[in-house]
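Next come the chains, spelled out residue by residue.
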Amino acid sequence: MWATCSCTPQCREANTPVTDVQNLDRVVIRFAGDSGDGMQLTGDRFTADAAVFGNDISTLPNFPAEIRAPQGTLPGVSSFQVHFANYDIMTPGDRPDVLVAMNPAALKANLADLARGGVLIADTAEFTKRNLAKVGYESDPLTDGSLEDYQLHALDLTGMTVAAVKEFGLNRKEASRAKNMFALGLLSWLFQRQTEGTIAFLGEKFATKPEIRDANITAFKVGHAFGETTETFAHTYAVAPAPMPTGDYRQISGNVALAYGLITASRKADLPLFLGAYPITPASDVLHELSKHKKFGVTTFQAEDEIAGVGAALGASFAGHLGVTTSSGPGIALKAEAIGLAVMTELPLVVCDIQRAGPSTGMPTKTEQADLLQVMYGRNGEAPVPVLAAQSPADCFDTAIEATRIAITYRTPVIILSDGYIANGAEPWRLPDVAAIPPIDPDFATAPNGTNAKGEEIFLPYKRNPETLARPWARPGTPGLEHRIGGIEKAKDTGNVSYDPANHEEQVRVRQAKIDGIVDVIPDLEVDDPDGDARVLVLGWGSTYGPITAAVRRVRKEGGSVAQTHLRHLNPFPANLGEVLRAYDRVIVPEMNLGQLAMMLRAKYLVDVHSYSRVRGLPISLSELAADLLDEINDLSAEGNAA
């Protein structure tokens, strides 16, 4: 990581002597401490400053599931990792180059990940005998020589913070809470970050609590000044801005991007948006964000349970709104019957599944991709639904719009798969030209569309569009378009209750044909195979996009030939997927589950795809994947030579 400086304009603008600056391409920093130490806020602020500076960024928040784990224990450790660079990056990084550890538990939980020779900043005030004993340290690692492989900076962050904010009259406990801002100020100095944005943020965040505001701002400034005046650090570091296409950018998380995409889709369809949801990690932020945007015709309903949330959303769809419901795996299980009702009533409904580690409660704050089979098949009867998966935080915006377009056009529930990694992670997002996004036509029924035996004009609620097989969508109360819907099987055209066997088979097949027909609006799968001679194809879906892309880059840099492609549409698959799979000698499918997509591909295309499974509650390691891909390529080459 660390390299000798060739001075940049950013270096010259700093107050640090030029000889003390090292110029880097990329850095990974991890802030770690108790869940009450403000590590998420600290990391988020550093990320925001890096984004404003122009670096490419990728983040990985990691926090405990317990609301208040015992202080100073391993289960209570919260961390935030940010990767920032002067080029296009795809992941938050496998290993931090810098670790800020606020207590012994944070050190013990994260030290194994810190790169050898990396910078370690530890708060000595928390390394008491009691705190060391809590996590099994027999001696103080800051003084016993066990950390000699790292650039250790043992600093009394708490003591310096308390002294710095003494004038504001806070007690020691309140004063010490500002130590995260002291650490942020120090890191801002160390990596040449601007300070104005954080100072303005703190002023706004604590505007109603002047003494807390002033204490945090002072701690931040003093931390920065400590860096400037101390001789503890041999260098500061500069990471230049990354070249990006011209445009306006902002930092965005997956859940916020998903909320913005849903709002944009509702406006493009000229429909009020109704969200029915029950709070659940890691989906709750979509509810929180949408609740801020009533001015765009958004109504949010925090229901008493998951079933009420989806039921209300489906009712809103019946009323002519864009009905949306959000949850994670456990909630999707509870919503399954109502999603089946949406299949039978053939109403637009957008269902967002922000996946987390299971089963049952599992590890609710950790990421996973294990809901794929659940959303594909987890309903009674033949109840097909389209399934789309976002590949990154920013991509959640586009995925939400596409899912809404399909739901409205084909009169069907659509499931969006995200996960905790991309939901909470952040990256730069170029603001789109909203005017260039095509409108979505709800095409509401406004007049009768058939006749009865007497030749009188009537409304047939299940008379299908010959191109899309979608039934008409009629707002309740539209004169002459009275109709009934419900969960019992429908007779052709009329929608009357029917138990006729032949009719049931026809309706089951036509509902499946409607979903299959969506393939006509799905673009063909594109394969990244620069030389056109790769024998190995890596195929992913969802948030594996970042690790796969980064691993493929590394393999190619080391001389390996490998192709890559990525699926957004999981039901139906792109029309050319079978052709793509059969074009390669070996297809590898990395997933954060035990091979669910791999099983689907084998069953549908009879291709022996190789599953690459990781279910650790963390994103797939790009380093591990790159090494394993090189092994696969070499093995395949050796087999060919032997033949």
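That block above? That's the structure.
Okay, so let's go over this structure.

Definitions and cut-offs
- Residues numbered from 1 in each chain as written.
- Predicted model: local features only at pLDDT ≥ 70, side-chain atom pairs only at ≥ 80, totals over all residues.
- Heavy atoms only, no water.
- Helix = DSSP H or I, 4+ residues; strand = E, 2+ residues; numbered from the N terminus.
- Expected span 1.5 Å × (residues − 1).
- Bend = angle between axes of the 7 residues up to and from the residue.
- Buried < 20%, exposed > 50% of the residue type's maximum accessible area, 1.4 Å probe, protein only.
- Phe/Tyr/Trp six-rings, centres within 6.5 Å; stacked < 30°, edge-to-face > 60°.
- 1 Å grid on protein atoms, 1.4 Å probe; cavity = no way out; pocket = protein on both sides within 12 Å on 5 of 7 lines; lining within 4 Å.
- Points joined across faces, edges and corners; volume = space filled by probe spheres on them.
- Axes fitted to C-alpha atoms, helices over the stretch in contact; angles between N-to-C directions.
- Parallel < 35°, antiparallel > 145°, perpendicular 65-115°, else oblique.
- Left-handed = near helix turned anticlockwise from the far one by under 90°.
- Contact = heavy atoms within 4.5 Å.
- Nonpolar A, V, L, I, M, F, W, Y, C, P; charged D, E, K, R; others polar.
- Pairing = 2+ DSSP bridges.
- Patch = residues over 30% accessible without salt bridge, like charges linked within 9 Å, V, L, I, M, F, W, Y side chains within 5 Å.
- Areas by Shrake-Rupley, 256 points an atom, 1.4 Å probe, with all protein chains shown as cover.
- Salt bridge = Lys/Arg side-chain N within 4 Å of Asp/Glu carboxyl O.
- Core = buried A, V, L, I, M, F, W, Y, C linked by side-chain atoms within 4.5 Å.
- Right-handed = clockwise from strand over helix to strand, strands pointing away.

With 17 residues, helix α13 (residues 329-345) should reach 24 Å at 1.5 Å per residue; the first-to-last C-alpha distance of 24 Å fits that figure. K335 marks where α13 bends most, by close to 50 degrees. With respect to burial, α13 is a largely interior element, twelve of its 17 residues being buried. Taken together, the buried positions of α13 are G329, G331, I332, K335, A336, A338, I339, G340, A342, V343, M344 and T345.

Take the packing of aromatic side chains next. Under the defined criterion, the tally for this structure stands at twelve aromatic pairs. Judged by centre distance (6.3 Å) and plane angle (40 degrees), the rings of Y260 and W429 are tilted. Separated by 169 residues along the polypeptide, Y260 in helix α10 (residues 254-268) and W429 in strand β16 (residues 426-430) bring together distant segments of the chain. Taken individually, Y260 and W429 each receive the classification buried, so the pair is uniform in this respect. Seen in terms of ring centroids, F573 and Y605 are 6.0 Å apart; in terms of plane orientation they differ by 45 degrees. Their pairing is tilted. Here F573 is found in the loop between β21 (569-571) and α19 (577-582), whereas its partner Y605 is found in helix α20 (residues 596-605), with 32 residues between them in sequence. Comparing F573 with Y605 shows no difference in burial state: the two are buried.

What follows is about empty space enclosed by the protein. Here the structure, examined in full by the defined rule, presents two cavities of 30 Å³ or more. Within this model, the largest cavity holds a volume of roughly 70 Å³. Lining the largest cavity we find L60, P61, N62, T365, K366, T367, G420, Y421, N424, G617 and L618. At the level of secondary structure, the elements contributing two or more residues to the lining of the largest cavity comprise β3 (56-62) and α16 (420-424).

Two quantities define a packed helix pair, namely the angle between the axes and the distance from one axis to the other. At a minimum axis distance of 10 Å, the contact between helix α2 (residues 39-53) and helix α8 (residues 196-205) shows a crossing angle of 135 degrees. Between α2 and α8, the crossing angle belongs to the class labelled oblique. For the pair α2 and α8, the sense of crossing is right-handed. Residues L41, R45 and D49 of α2 touch α8, and the partners they reach there are G197, T198, F201 and K205. When the residues that make up the contact of α2 with α8 are grouped by side-chain class, the tally is two nonpolar, two polar and three charged.

On to the sheet that holds strand β23 (residues 610-613). Taking strand neighbours across the sheet as the criterion, the four strands line up as β20-β19-β22-β23 in an open arrangement whose pairing is parallel. Both outer strands of the open sheet, β20 (563-567) and β23, are each paired with one neighbouring strand and no more. On average, each strand axis in the sheet is tilted by 25 degrees relative to the strand beside it, whichever way the strands run. Relative to strand β22 (residues 586-591), strand β19 (residues 536-541) is paired through three bridges, and the arrangement is parallel. Paired with V538 across the bridge in β22 is I588. Strands β19, β20 and β22 of the sheet are contacted by helix α18 (residues 545-557), whose axis makes an angle of about 175 degrees with β20. Where α20 meets the sheet, its contacts fall on β19, β20, β22 and β23, and the angle it forms with β22 comes to roughly 145 degrees.

Before going further, it helps to spend a moment on a nonpolar patch on the surface. Taken together, the side chains of I488, V497 and Y499 make up a nonpolar region of the molecular surface, amounting to roughly 350 Å² of accessible area. Relative to the assigned elements, I488 resides in the loop between β18 (457-458) and α17 (501-516). Residue classification places I488 among the partly exposed residues on the basis of a relative accessible area of 42%.

Turning our eyes to something else, we now look at the nonpolar core. If you look at the biggest cluster of nonpolar residues, it comprises 95 residues, and the most contacted ones within it are L570, L597 and L601. It is helix α15 (residues 395-410) that provides the largest number of residues to this core, a total of nine residues. Ignoring any residue separated from it by four or fewer positions in sequence, one finds L570 in contact with L372, M376, V387, A389, L417, W541, L597 and M600. By size, the runner-up hydrophobic cluster in this structure holds 44 residues, among which are M39, A164, F168 and F233.

With that settled, the discussion passes to the side chain of T345. Tracing the chain through its elements places T345 in helix α13. T345 has contacts with L314, Y462, R471, I485 and G486, leaving out every residue within four places of it along the chain.

Attention shifts here to the layout of surface pockets. Put simply, the largest pocket is a space of about 1,200 Å³. Q40, P61, F63, D285 and N424 are the residues nearest the centre of the largest pocket, which is lined by 41 residues in total. Elements represented by at least two residues in the lining of the largest pocket include exactly α2, β3, β9 (249-253), α10, α11 (284-290), α16 and β16. Tallying contributions element by element places α2 first for the lining of the largest pocket, with seven residues.

Further remarks concern unusual backbone geometry. Here the amide bond leading from T281 into P282 is cis, since omega sits at 0 degrees, within 30 degrees of zero. Turning to its location among the elements, P282 is positioned in the loop between β10 (273-277) and α11. A cis amide bond, omega -5 degrees, links N571 with the succeeding residue P572. With respect to the helices and strands, the residue P572 is situated in the loop between β21 and α19. In the Ramachandran plot, D270 falls in the positive-phi region, its phi being about 55 degrees despite a non-glycine side chain. Within the secondary structure layout, D270 lies in the loop between α10 and β10. Among the residues examined, D270 registers a relative accessible area of 58% and is labelled exposed. Its identity is not glycine, yet D493 carries a phi of approximately 70 degrees, on the positive side. Position of D493 among the secondary structure elements: in the loop between β18 and α17. Judged by its relative accessible area of 25%, D493 falls in the partly exposed class.

Counting buried positions along β10 gives five out of five residues, so the element sits mostly inside the fold. Where β10 lies against strand β11 (residues 298-302), five bridges are found, and the strand directions are parallel. Residue pairing for β11: A277 is matched across the bridge by Q302. The handedness of the β10 to β11 crossover, carried by α11, is right-handed. For β10 and strand β12 (residues 322-327), the ladder comprises three bridges, and the chain directions are parallel. Residue pairing for β12: L275 is matched across the bridge by V324.

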